[in-house]
Amino acid sequence: MRTLSINPPAPYGYIGQNVRVSKVNRATVTQSLSVSFTVGLYGTAFGAASIAAGFSLLQTSLLSLLTFSGASQFAIVGVMGAGGSAISGIATASLLGIRNGLYGLRMAPILKVRGVKRVFAAQVTIDESTGVAIGQEDLGTDAMKAGFWLTGFGVYIFWNFFTILGALGAQAMGNPSAWGLDAAVPAAFLGLVWPRLHGKYEKGLAALSLLVAVALSPVISAGLPIIATALLAVALGWKARS
Amino acid sequence: MEGSLVNALWVGVIGTSVFAFALKYLGHSVPEKFLTNPRVLRINALIPIALLSALVGVQTITDKGKWVIDQRLAGVAVAFIALALKAPYFVVVISAAVTSAVLYRI
């Protein structure tokens, strides 16, 4: 696939900096591929969770192919699996997807791509591709691009492959509780939020959000308690804090 | 009932996918100066913390709108300990699943 080459966005007015595979820093390639495989592996957990929540194999696969953002995917199946409406599921997933937009903002001036290539770039703009790209900053723009594309497509391939594997596994398992899937999903969320809890402020917000959502659960319909905590985050972030 | 539920799932799948892509594409297409607004950056950092924590709570101790304490809480508690011990993500998820499954079966 052409889009899988190391430096697909090169041709537009981009002379003298052509990067060949052999020239890409080996560390960048190694890091991209190891991140791709490790993260892709968690697609298994998503595939299983999605089936357990009542989504079909096709729907599960389409979520990984089209949505392609782990937290958002877990959110839609988590909310709808718990009986929430499609709208609250989409809202939660989309609120979690805002950060991909900001990653795009960060990556666009580095990638400088248009047309179909921008479509591909947008689709693989996620935590990991952006993270690896920014991690190569000291090695220069070419290494950043290579890290972005390699990790983006790498995760895309592994994530989709392991999604199908997890979904088929869950279909074969039957009762999700008997295999601990009911605890694996919140544990997956916990693992996603953990690295973001840098200080007391973040930990406080996390604890408060958890309590608010649990407290509201018997009162308002499924999905809404989770969205309510986003308002909490907006209110806290709005008030100036250095 | 059955038919409407299946349709709702499809709405969820398509809707989530459309918005997810639109947000990504928008980021690649708007001027970079938006990135410099500190308030936007701050809120953006806090939203995932709030939503993911809320999801942890709701998925661990509620079921169909009711508070329920069961094997899931034990599983997530083990995951918490694993994270505190800096275990890799995979170990975290598996240890939660195994704990919950064992308790469910006994």
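Note that this is a predicted model, so its numbers are computed, not measured.

1. Comments concerning the overall build of chain B
Consideration 1: Secondary structure assignment for chain B yields four helices and two strands.
Consideration 2: Secondary structure elements of chain B occur, N-terminal to C-terminal, as α-α-β-β-α-α.
Consideration 3: Against the compact-globule benchmark of 13 Å for 106 residues, chain B has a radius of gyration of 19 Å, which places it well outside the compact range.
Consideration 4: Along the three orthogonal principal directions, the C-alpha set of chain B runs to about 60 × 45 × 25 Å.
Consideration 5: Burial statistics for chain B: of 106 residues in total, 44% are counted as buried.
Consideration 6: Within chain B, contacts between residues at least 6 apart in sequence are counted, and of these 24% link residues at least 24 apart.
Consideration 7: Counting only carbon and sulfur atoms, one obtains 74% of the accessible surface of chain B, whose full area is about 5700 Å².
Consideration 8: Averaging the locations of the 9 positively and 4 negatively charged side chains of chain B gives two centres separated by 9 Å.

2. Focus on the confidence of the model for chain A
All names here are of chain A.
Consideration 1: On average, chain A scores 86 in pLDDT, and the residues at 70 or more come to 89%.
Consideration 2: Of all helices and strands in chain A, the one with the weakest mean pLDDT is helix H9 (residues 181–193) (87), whereas helix H3 (residues 57–67) scores best (98).
Consideration 3: pLDDT under 50 marks residues 1–22. Its contacts with residues more than four places away, or in other chains, come to 29 contacts.

3. Remarks on the side chain of Thr-92 of chain A
Consideration 1: Mapped onto the fold, Thr-92 of chain A is located in helix H5 (residues 86–111).
Consideration 2: Residues within four places of Thr-92 of chain A in sequence aside, it is in contact with Ala-75, Val-79, Gly-223, Ile-226 and Ile-227 of chain A together with Leu-51 of chain B.

4. Observations regarding a nonpolar patch on the surface
Consideration 1: Together, Phe-90, Ile-94, Val-98, Val-102, Leu-103 and Ile-106 of chain B make up a nonpolar patch on the protein surface, roughly 570 Å² of accessible area in all.
Consideration 2: Within the element layout of this structure, Leu-103 of chain B appears in helix H4 (residues 89–105).

5. Re the domain arrangement of chain B
Consideration 1: Split into domains, chain B comes out as domain 1 (1–30) and domain 2 (32–105).
Consideration 2: For domain 1 of chain B versus domain 2 of chain B, the distance between C-alpha centres works out to 23 Å.

6. Description of the domain arrangement of chain A
In many reports, interface size means the accessible area that the parts give up when they come together.
Residue and element names in this part refer to chain A.
Consideration 1: For chain A, the assigned domains read domain 1 (2–181) and domain 2 (197–242).
Consideration 2: When domain 1 packs against domain 2, close to 440 Å² is buried across both sides, 82% of that on carbon and sulfur atoms.
Consideration 3: Looking only at domain 1, the three residues that lose the most surface to domain 2 are Ser-88, Thr-92 and Leu-95, adding up to 60% of its buried area.
Consideration 4: Inspection of the region where domain 1 meets domain 2 yields zero salt bridges.
Consideration 5: Applying the counting rule to domain 1 against domain 2 returns zero residue pairs in polar contact (both at pLDDT 80 or more).
Consideration 6: Here the side of domain 1 that touches domain 2 gets four residues from one element, more than from any other, and that element is H5.

About the criteria used
Residues numbered from 1 in each chain as written. Chains lettered and ligands numbered in written order. Predicted model: local features only at pLDDT ≥ 70, side-chain atom pairs only at ≥ 80, totals over all residues. Heavy atoms only, no water. Helix = DSSP H or I, 4+ residues; strand = E, 2+ residues; numbered from the N terminus. Rg over C-alpha atoms; globule rule 2.2 N^0.38 Å. Buried < 20%, exposed > 50% of the residue type's maximum accessible area, 1.4 Å probe, protein only. Contact = heavy atoms within 4.5 Å. Areas by Shrake-Rupley, 256 points an atom, 1.4 Å probe, with all protein chains shown as cover. Lys, Arg positive; Asp, Glu negative; His and termini not counted. Charge placed at Lys NZ, Arg CZ, Asp CG, Glu CD. pLDDT = per-residue confidence, 0-100. Patch = residues over 30% accessible without salt bridge, like charges linked within 9 Å, V, L, I, M, F, W, Y side chains within 5 Å. Salt bridge = Lys/Arg side-chain N within 4 Å of Asp/Glu carboxyl O. Domains from an automatic or database assignment. Buried area = accessible area lost by both parts, 1.4 Å probe. Polar contact = N/O pair within 3.5 Å; in protein donor to acceptor, adjacent residues only side chain to side chain.

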